[in-house]
Amino acid sequence: MASVNVNRNLTDQFYRYKMPKLLAKVEGKGNGIKTVIVNMVDIAKALNRPPMYPTKYFGCVLGAQVNCDVKNERYIVNGSHDATRLQDLLDGFIKKYVLCASCDNPETTLLVNQKKGTISASCKACGHLSTISSQDKLTTYILKCPPDQQHNAPGASVSKRKKKERDDTKYRKDGQNGRSGSPQHDSDEATTTLNETNGGGGEQKIDPDNDWCDPTDVAEDLDNSALKKLTLNEDLEKSVHQRMQIFYDFVKEKIPTNGPIDVSIQKEIVAEAERLDVKDKGVIVLCEVLFRDPIKIQEKIKTNRHLFLRFTMDNPKCQKYLIRGFELTVKEFPNELLPRVAMILKTFYDFDILDEKVLIDWADKKKSAVKELGTQIFEKAQKFIDWLKIAEEEDDDDDDDDDEEDEVQVVYDERIRPDKIIELEDSKKQTEELKKSSETRDKDLDIDIDAI
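Fair warning: this is a prediction, and the values are worked out from it, not measured in the lab.

Rules behind the numbers
Residues numbered from 1 in each chain as written. Predicted model: local features only at pLDDT ≥ 70, side-chain atom pairs only at ≥ 80, totals over all residues. Heavy atoms only, no water. Pairing = 2+ DSSP bridges. Helix = DSSP H or I, 4+ residues; strand = E, 2+ residues; numbered from the N terminus. Axes fitted to C-alpha atoms, helices over the stretch in contact; angles between N-to-C directions. Salt bridge = Lys/Arg side-chain N within 4 Å of Asp/Glu carboxyl O. Buried < 20%, exposed > 50% of the residue type's maximum accessible area, 1.4 Å probe, protein only. Parallel < 35°, antiparallel > 145°, perpendicular 65-115°, else oblique. Left-handed = near helix turned anticlockwise from the far one by under 90°. Contact = heavy atoms within 4.5 Å. Nonpolar A, V, L, I, M, F, W, Y, C, P; charged D, E, K, R; others polar. Core = buried A, V, L, I, M, F, W, Y, C linked by side-chain atoms within 4.5 Å.

Visitor: Provide a residue-level description of the sheet that holds strand E4 (residues 34–37), including the pertinent values.
Guide: In sheet architecture, strand pairing relies on hydrogen bonds along the backbone and comes in two forms, parallel and antiparallel. Here we have 4 strands laid out as an open sheet, ordered E3-E4-E6-E5, and antiparallel in their pairing. Taken across any chain shown, the strands that pair with only one partner, and hence form the sheet edges, are strand E3 (24–27) and strand E5 (66–69). Each adjacent strand pair in this sheet contributes to an overall mean axis angle of 25°, direction not counted.

Structure follows, in structure tokens:
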């Protein structure tokens with residue numbers, strides 16, 4: 001089985017901490033479609049975390065319900081999800097709940113204080129003790145179901161399996177002796193039915209020996225209002241305005257006040273935009289959140305270039321919405337931004353966030369999202385647009401010149417050497433002249449001899 005580094009930001013092939021590459025299998029169809037994480041138990045063992053923790057994390061981020069079948073080692077996320085995307089989301093879980101905040105070493109142990117409601121991570125490598133933020137919805141589940149230290153011990157699973165085998169043997173004997181207890185009856189008592197909100201149904205069998213995986217509905221693990229907000233089907237049924245508001249709240253919470261945005265957070269923002277089906281329009285929200293200080297807009301563009309590119313690269317429609325978001329920002333801060341429209345647009349262009357074709361089309365059509373200031377915005381941007389058009393024409397001329405040069409090279413091949421041809425012709429002429437002069441001299445000699 002292929003393995004990857006636990007900290008995938010490190011590309012060292014000799015990195016000692018490895019985990020299996022996540023394998024996902026999509027089952028079912030229609031409303032009952034679901035994604036089974038085939039090797040979640042092996043991944044959790046490599047991370048030294050219960051398998052339900054990363055599974056729950058996927059449910060929180062994707063807004064989907066999760067099912068836990070401990071007996072058959074099946075960990076399920078409702079909906080169809082790509083293994084690559086889940087692997088990227090797993091990086092976010094590892095960074096927050098596995099890696100040490102000081103040395104980035106994955107040899108950490110979670111310490112849960114249910115009375116104080118705090119979760120800490122103790123690093124065995126450097127001894128650092130850090131507190132994990134309780135803003136993530138997964139912390140609610142961890143506080144309710146802390147990791148069982150005996151479950152993480154090397155021989156714990158073996159002892160539980162032996163205990164279960166002894167219990168099964170006892171049940172079989174009781175059934176043979178005619179007692180009321182039977183394996184079917186007792187297993188039914190340990191079975192909990194979990195109704196799925198997406199239309200599919202089924203039973204979720206819970207192993208009573210695993211304390212960290214209670215037979216509870218997902219709605220009990222997470223806050224009801226938060227779960228309702230994250231439910232995929234319900235969100236997609238909302239209007240675009242409502243979905244944009246959800247995305248705005250998400251981005252505002254994730255983006256730090258100062259400094260660059262972490263790569264994992266960038267991926268979460270893009271994933272949330274895709275989940276809400278507002279990726280094209282999502283850049284309007286980015287403008288609203290990032291451009292709160294009109295003086296530092298160009299600095300913000302440079303700092304968050306990669307976040308913008310995740311939305312606008314090879315996406316002209318998204319680029320048009322970005323221009324609209326910029327126009328709305330100008331409307332909010334007209335005194336500070338109107339004189340700098342051309343410079344800010346050039347910054348977008350220089351960092352490949354906006355293509356020249358999109359900018360020229362926008363200027364030619366003169367359709368502004370801000371009717372009151374639209375004319376002024378176009379006037380301020382006109383010099384930059386003219387510069388773009390001239391540069392485009394020069395590029396076209398250069399292309400034409402290159403074509404002409406190519407034609408000349410085809411007609412006048414380098415192998416043709418006129419200088420050598422001229423030399424050969426001169427040599428031939430000289431030979432003929434020498435031959436004629438020799439014949440004349442011989443005639444003269446003959447005449448002299450006869451005269452004598």
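And the narrative resumes.
Visitor: Requested: an account of the pattern of salt bridges, with residues and values cited.
Guide: Per the counting criterion, the structure on display carries 15 salt bridges. In this structure, Lys279 and Glu274 form a salt bridge, with 3.6 Å as the shortest nitrogen-oxygen distance. Since its relative accessible area comes to 39%, Glu274 is described here as partly exposed. Between Asp352 and Arg305 there is a salt bridge, with its nearest N and O atoms 3.6 Å apart. Linking Asp352 in the loop between helix H18 (341–350) and helix H19 (356–365) with Arg305 in helix H15 (residues 305–312), this pair joins segments that are 47 residues apart in sequence.

Visitor: I'd love a proper account of unusual backbone geometry, names of residues and values included.
Guide: Even without a glycine there, the phi angle at Asp314 is positive, about 55°. Mapped onto the fold, Asp314 is located in the loop between H15 and helix H16 (316–332). Here the phi dihedral of Asp352 falls at roughly 65°; this positive angle occurs in a residue that is not glycine. Judged by relative accessible area, which is 48%, Asp352 ranks as partly exposed.

Visitor: Before we move on, could you go through the packing of helix H3 (residues 83–97) against helix H12 (residues 263–275) and cite the residues and values that matter?
Guide: Pairs of packed helices are described in terms of their axes, by the angle between the two and the distance that separates them. At their nearest, the axes of H3 and H12 sit 10 Å apart, and the two run at 135° to each other. Here H12 runs oblique to H3, going by the angle between their axes. Crossing handedness for the pair H3 and H12: left-handed. On the side of H3, the interface is formed by Arg85, Asp88, Asp91, Gly92 and Lys95, while H12 contributes Ser264, Lys267, Glu268, Ala271 and Glu274. Its residues assigned to classes, the contact of H3 with H12 shows 1 nonpolar, 2 polar and 7 charged.

Visitor: Summarise the nonpolar core; cite the residues concerned and give the values.
Guide: Grouped together as the largest cluster of nonpolar side chains are 55 residues, with contacts concentrated most on Phe247, Phe311, Leu345 and Phe348. With 7 residues, helix H13 (residues 282–290) is the single largest residue contributor to this core. In this structure Phe348 touches Phe291, Ile301, Leu322, Phe326, Ile353 and Leu354, once residues within four positions along its chain are discounted. Membership of the second largest hydrophobic core comes to 38 residues, among which are Tyr17, Met40, Phe58 and Tyr141.

Visitor: Got a sec to walk through the packing of H15 against H16? Specific residues and values, please.
Guide: Two elements in contact, H15 and H16, have axes separated by 8 Å at closest approach and are oriented at 130°. Taken together, the axes of H15 and H16 lie oblique to each other. Judged by residue contacts, Phe308, Phe311 and Thr312 of H15 engage Cys318, Gln319 and Leu322 from H16. Here the residues of the contact of H15 with H16 sort into 4 nonpolar, 2 polar and no charged.

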